[in-house]
Amino acid sequence: MDADLDTLTTALFVRTDDLLLESPELAPWRPTVGIPPRLSDAELVTLSVMQALLGFTSERRWIRHARTHLGHLFPYLPKAPGYNKRLRKAGRLIQQVIRLLAVDTMLWSDDVWVVDSTPVECGRSRETVKRSDLAEWAEYGYCASHFRFFWGLRLHLVCTLHGLPVAFALTGAKADERETLLAIFDVEPRLATDRPGQTLIDDKNHFGVGFEQRLTELGLQLLRPARKDEAERPGSQLFRPLRQLIESVNETFKGQLDLERHRGRTAAGVMVRVLQRILALTSVIWHNDQTGQPVMRALTAYDH
């Protein structure tokens, strides 16, 4: 295995293990009486990140690969069904690790955020749509950047200019992007109130007097391109290069972390697989920041 990936995963394991020692309540619930798992929760999180970074969308293939090549890191590996079951229960822990790593970077204090959403397709055939357990959540939507309709969800992401995820939400494909963004700040109001004057770069879909007034009340300064019926807005010359940054983050999720090949069939399954990929991206940025490497280093450096 590549030395960089070996170092990253070792550091991630230690950081996650320390978090669980400090806050054991974050571990997935299990009965107090019984046989403790042979694969620790910290090992589980680390294993899931390695799966995303190495491009394995099939958990069976991933476990077979790990048994052959990663025995020096994981003395015990469960079978694929057991791995899948434990991973689905680890969503809360993965969320906490994402935030822990993000806060532990110099990028966390950046005073500019970029906001966008990207499709998370969950099925294509009519039979899949009719029978899927996701039917009450997923819905038909339109992806303007790729000029296509899709059935599934939408990942809403707030990140720094270097691609570090700050906050995110997973909604139905038709969810209003403005309402979703405000809901993110309602859930975590300190994200905005602790950073008065934070600049938020959005696209043309984030418009409206009431919406902008609410952002102002939160202490956020909105920059977005003007719509056809509006006069030119401040900072318009910055939008094209800055929008390319968020597009590159979305391309990383889809092209390198296989966001739309998640294979999730239930709400919990899709959610944890999206979190798995957000953690993988955050882990690489955190590792590069901690080791003094270029933060925007391509994830392909960890592909094998």
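Here, the structure is the one placed above.
Residues numbered from 1 in each chain as written. Predicted model: local features only at pLDDT ≥ 70, side-chain atom pairs only at ≥ 80, totals over all residues. Heavy atoms only, no water.

1. A short note on the pairing of strand 1 (residues 112–123)
Our working rule: For every residue, the accessible area obtained with a 1.4 Å probe (protein chains only) is divided by the maximum for its type, and the residue is called buried under 20%, exposed over 50%, and partly exposed between those limits. Note on conventions: DSSP H or I runs of at least 4 residues are helices, E runs of at least 2 residues are strands, and numbering of each starts at the N terminus. Two strands make a pair as long as DSSP finds a minimum of two bridges between them.
Of all twelve residues making up strand 1, twelve are buried, and the element is well covered by its neighbours. The pairing of strand 1 with strand 5 (residues 198–201) spans three bridges and is parallel. Bridge pairing in strand 5 links Trp113 to Leu200. Of the strand pairs in this sheet, strand 1 and strand 3 (residues 148–160) are connected by ten bridges, and their pairing is antiparallel. Opposite Pro119, over in strand 3, you have Arg154 as the bridge partner.

2. Side note on empty space enclosed by the protein
Gaps left between atoms show up when a probe the size of a water molecule is rolled over them. Applicable threshold: Every definition here rests on a 1 Å grid over the protein atoms only: cavities are sets of points where a 1.4 Å probe fits but cannot get out, pockets are open sets enclosed by protein on both sides within 12 Å along at least five of seven lines, and lining residues have some atom within 4 Å of a point. Grid points are joined across faces, edges and corners, and a volume is the space filled by probe spheres set on the points. Three classes are used, and their members are as follows: Ala, Val, Leu, Ile, Met, Phe, Trp, Tyr, Cys and Pro are nonpolar, Asp, Glu, Lys and Arg are charged, and the others, Gly among them, are polar.
One pass over the structure, following the stated rule, counts one cavity of 30 Å³ or more. The wall of the largest cavity is formed by Val115, Asp116, Ser117, His156, Leu157, Val158, Glu177, Leu181, Ile184 and His206. When contributions to the lining of the largest cavity are tallied by element, the ones reaching two or more residues are strand 1, strand 3 and helix 7 (177–187). Of the residues belonging to the lining of the largest cavity, the class tally is five nonpolar, three polar and two charged.

3. Concerning unusual backbone geometry
Note on backbone geometry: most residues besides glycine have negative phi, and most peptide bonds are trans. Not every positive phi belongs to a glycine, and Asp258 is a case in point at roughly 55 degrees. With respect to the secondary-structure elements, Asp258 resides in the loop between helix 10 (239–256) and helix 11 (267–291). Overall, Asp258 belongs to the buried group, its relative accessible area being 10%. Positive phi, normally seen in glycine, also occurs at Arg263, with a value near 70 degrees.

4. A short note on a nonpolar patch on the surface
Here is the rule: The patch calculation keeps residues exceeding 30% relative accessible area without a salt bridge and links them within 9 Å when they carry like charges or within 5 Å when they are nonpolar (Val, Leu, Ile, Met, Phe, Trp, Tyr). Areas reported here follow the Shrake-Rupley algorithm with a probe of radius 1.4 Å; residue values treat only the protein chains shown as occluding. One side-chain nitrogen of Lys or Arg within 4 Å of one carboxyl oxygen of Asp or Glu is enough to make a salt bridge.
Where nonpolar side chains cluster on the molecular surface, the patch consists of Tyr142, Phe147 and Phe149 and spans about 420 Å² of accessible area. Looking at the element boundaries, Phe147 is found in the loop between strand 2 (139–143) and strand 3. Judged by relative accessible area, which is 67%, Phe147 ranks as exposed.

5. So, a positive patch on the surface
Keep this limit in mind: Charge convention: Lys and Arg are scored as positive, Asp and Glu as negative, and His as well as the terminal groups of each chain are ignored. Lys charges are placed at NZ, Arg charges at CZ, Asp charges at CG and Glu charges at CD.
A cluster of basic residues, Arg60, Arg61, Arg64, Arg263 and Arg265, forms a positive patch on the protein surface. Positionally, Arg265 belongs in the loop between helix 10 and helix 11.

6. Looking at the nonpolar core
For the record, the criterion: Nine residue types can take part in a nonpolar core, namely buried Ala, Val, Leu, Ile, Met, Phe, Trp, Tyr and Cys, and a core is a set of them joined through side-chain atoms within 4.5 Å. It only takes one pair of heavy atoms within 4.5 Å for two residues to be counted as in contact.
Judged by nonpolar contacts, the single largest core of 80 residues is most densely connected at Leu47, Trp62 and Phe185. Top element by residues in this core is helix 11. It accounts for eleven residues. Not counting residues within four places of it along the chain, the set of residues in contact with Trp62 comprises Leu47, Met50, Gln51, Leu54, Phe56, Leu70 and Tyr83.

7. Notes on the packing of aromatic side chains
For clarity, the threshold we go by: Pairing of aromatic side chains here covers Phe, Tyr and the six-membered ring of Trp, requires ring centres within 6.5 Å, and sorts the geometry by plane angle: under 30 degrees stacked, over 60 edge-to-face, intermediate tilted. Whether a charge sits over a ring depends on NZ of Lys or CZ of Arg being within 6 Å of the ring centre and within 35 degrees of the ring normal.
Following the criterion strictly, the structure yields three aromatic pairs and no others. Judged by centre distance (5.3 Å) and plane angle (50 degrees), the rings of Phe56 and Trp62 are tilted. Classification of Phe56 by relative accessible area gives buried; the value is 14%. Note on Tyr142 and Phe149: the rings are 4.8 Å apart at their centroids and 55 degrees apart in plane angle, and the pair reads as tilted. Cation over ring: Arg178 sits above Phe207, and NZ or CZ is 4.5 Å from the ring centre. One residue, Arg195, lies across the ring of Trp108, its end atom 5.0 Å from the ring centre.

8. Details of the pattern of salt bridges
Charged atoms that come close allow side chains of opposite charge to pair. This structure, assessed with the given rule, holds twelve salt bridges. Here Arg99 makes a salt bridge to Glu188, at a shortest N to O gap of 2.7 Å. Separated by 89 residues along the polypeptide, Arg99 in helix 5 (residues 91–103) and Glu188 in the loop between helix 7 and helix 8 (190–193) bring together distant segments of the chain. The exposure class assigned to Arg99 is partly exposed, which follows from its relative accessible area of 23%. Glu188 gets classed as partly exposed once you look at its relative accessible area, which sits at 31%. Here the residues in one salt-bridge network are Arg30, Asp41 and Arg86, joined through shared partners.

Treat this as a map of the structure, not an account of what it does.
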